[in-house]
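Breakdown of the fold
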Amino acid sequence: MQAARGAMANFRLALIQLHVSAVKSDNLQRACGLVREASAKGAKVVALPECFNSPYGTQYFKEYAEKIPGESTQKLSEVAKECSIYLVGVGEIFVLAFTKDPFQKRMVESCIIHVLSLGLMVLCWQSIGRKDKKENARSLGTNAVVQNTCGVQVHLFDINIPGKIQFKESETLSPGNSFSMFDTPYCKVGLGICYDIRFAEMAQIYGQKGCQLLIYPGAFNLTTGPAHWELLQRGRAVDNQVYVATVSPARDEKASYVAWGHSTVVNPWGEVIAKAGAEETVIYTDIDLKKLAEIRQQIPILSQKRCDLYGREMKK
């Protein structure tokens, strides 16, 4: 893998800032069309926004819930195989999880799907009340097999900014209990969803585990978006000397939850190298791993960390 990565120092990343409607089939059709467009323009890794197949809001989660495999996973698997790309579909394909107590029925938190090249999928989600997660891994056909499962989204979006916005994902969802990473021939990729980007520790662990690209599909709003969206991305990128990509739904002023948009890519120097506006679009950037290596050599903070001291001070 290291030799392969050395021969592939650059690759093209595409972020699809999709306009999401209330019609799931339309969302899937448009998403797959834009994935094909991105592939035709040379993208090797393609990411869809948070909730790419449904409106965002706790009132929608149950209505749009799917089993796995289901319509969305099948469509993404097919288009990834067709285009021979790595497709990150963090579609919040919510899956109902049932405990032994029928009154404790809740949504699984943020099903995140990495539909990989040749149609192979890694499904990352947390099931509630099940001791054996492997029972959820099922075949999607001869060319698409669930490889493993794990928990994402780690941090739930529970906020209250008086007079502006109040939201509480924990009313409907439960958090994941593990991180999500996957290997490509180019680099290791770490994944978080939306609110996860506010937690520096998560990004630090990804960096320590060898990730060079972090992707956060997210839907910041018109209050937190202009204040923190780009700031958080640049902070995570500089702190960990990684590329950081965020991919949002396009803005829909008529929606009950209005997304900020502005999907962005930041390089390890903290520079914004690609950025969308509010409308539906696809943005592209060439990820330069040679530049990343140069920055890490010039300012070698990863080898200078005092983990011995940090751990000791935290225990005081």
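This text goes with the structure placed above it.
Throughout, residues of each chain are indexed from 1 in the direction in which the sequence is written. Predicted model: local features are reported for residues with pLDDT of at least 70 only, side-chain atom pairs are reported and counted for 80 or more only, and whole-chain, interface and lining totals are derived from all residues. For the side-chain quantities, the full set of heavy atoms in the structure was used; hydrogens and water were omitted.

**Some words on the overall build of the protein chain**
A count of helices and strands for the protein chain gives 9 helices and 16 strands. Counting the 316 residues in the protein chain, one finds 54% classified as buried. A contact between two residues is defined here by any heavy atoms of the two lying within 4.5 Å. Considering only intrachain contacts with a sequence separation of at least 6, the fraction spanning at least 24 residues in the protein chain is 71%. Each helix corresponds to a stretch of at least 4 residues labelled H or I by DSSP, and each strand to a stretch of at least 2 residues labelled E; elements are numbered beginning at the N terminus. We call a residue buried when its accessible area falls under 20% of the maximum for its residue type, exposed when it is over 50%, and partly exposed in between, using a 1.4 Å probe and counting protein chains only.

**Section: the packing of aromatic side chains**
When two rings of Phe, Tyr or Trp (its six-membered ring) have centres within 6.5 Å they constitute a pair, described as stacked for plane angles under 30 degrees, edge-to-face for angles over 60, and tilted for the intermediate range. Enumeration over the complete set of coordinates arrives at 9 aromatic pairs. Look at Y56 and F167: their rings are 5.1 Å apart centre to centre, the planes differ by 15°, and that puts the pair in the stacked class. In this pair, Y56 sits in the loop between β2 (45–48) and α3 (61–64) while F167 sits in strand β9 (residues 165–168), placing the two residues 111 residues apart along the sequence. Of the two residues, Y56 and F167, neither departs from the other in class, the shared state being buried. Note on Y56 and Y257: the rings are 4.7 Å apart at their centroids and 65° apart in plane angle, and the pair reads as edge-to-face. Placement of the pair is Y56 in the loop between β2 and α3 and Y257 in the loop between β13 (243–247) and β14 (264–266), with a sequence separation of 201 residues. The class for Y56 is buried, based on a relative accessible area of 9%.

**Looking at the pairing of strand β12 (residues 211–217)**
β12 sits mainly inside the fold: 7 of its 7 residues count as buried. As for the winding sense of the linkage, the β-α-β connection from strand β11 (residues 188–191) through helix α5 (residues 200–208) to β12 is right-handed. Any two strands between which DSSP finds at least two bridges are classified as paired. As judged from the 5 bridges shared by β12 and β13, these two strands associate in the parallel manner. Directly across from L214, in β13, lies its bridge partner V244. With strands facing away from the observer, any crossover in which the path from the first strand over the helix to the second runs clockwise is taken as right-handed. Taken together, β12, helix α6 (residues 224–240) and β13 constitute a β-α-β crossover, and its handedness is right-handed.

**Some points on the sheet that holds β13**
Taken in spatial order, the 6 strands of this open sheet run β10-β11-β12-β13-β14-β15, and their pairing is mixed. Of all the strands in the sheet, just β10 (180–183) and β15 (272–275) have a single pairing partner and so form its edges. In this sheet, adjacent strand axes meet at a mean angle of 20° when their direction is disregarded. With 3 bridges joining them, β13 and β14 adopt antiparallel strand pairing. For V244, the partnering residue across the bridge sits in β14 and is V266. Lines fitted to C-alpha atoms define the axes here, with helix axes fitted over just the stretch in contact, and angles between the N-to-C directions of these axes take values from 0 to 180 degrees. Its contacts with the sheet put helix α7 (residues 289–298) on β12 and β13, and the angle it makes with β12 is roughly 115°.

**A few points about the pattern of salt bridges**
Here, a salt bridge means any Lys or Arg side-chain nitrogen found within 4 Å of an Asp or Glu carboxyl oxygen. Tallied over the full model, the rule gives 9 salt bridges. Across the salt bridge formed by R36 and E82, the nearest N and O atoms sit 2.9 Å from each other. Highlighted residues: R36 in helix α2 (residues 24–40) and E82 in helix α4 (residues 71–83), separated in sequence by 46 residues. For R36, a relative accessible area of 37% puts it in the partly exposed group. Two residues, K275 and E230, come together in a salt bridge whose shortest N-O distance is 2.7 Å. Of the two residues, K275 sits in strand β15 while E230 sits in helix α6, which places them 45 residues apart along the sequence.

**Examining the nonpolar core**
Take the buried residues of types Ala, Val, Leu, Ile, Met, Phe, Trp, Tyr and Cys, join any two whose side-chain atoms come within 4.5 Å, and each joined set is a nonpolar core. If you look at the biggest cluster of nonpolar residues, it comprises 24 residues, and the most contacted ones within it are F11, L13, L15, L213 and I215. Those elements that place two or more of their residues in this core are β1 (10–17), β2, β3 (86–89), β11, β12, β13, β16 (281–288) and α7. Sequence-distant contacts of L15, that is, excluding residues within four places in its chain, are made with A47, A245, T246, V247, S263, T264, V265, T281, V282 and I283. Of all hydrophobic cores here, the second largest spans 21 residues; its members include A38, F52, C83 and L87.

**Looking at the state of the cysteines**
Working definition: a disulfide is two cysteine sulfur atoms within 2.5 Å of each other. Applying the stated criterion to the full structure yields 0 disulfides. Left unpaired, C194 is separated from the closest cysteine sulfur, that of C51, by 9.4 Å. Classification of C194 as buried rests on a relative accessible area of 8%. Free cysteine: C211, not disulfide-bonded; nearest cysteine sulfur from C187 at 8.0 Å. On the accessibility criterion, C211 (0% relative accessible area) is buried.

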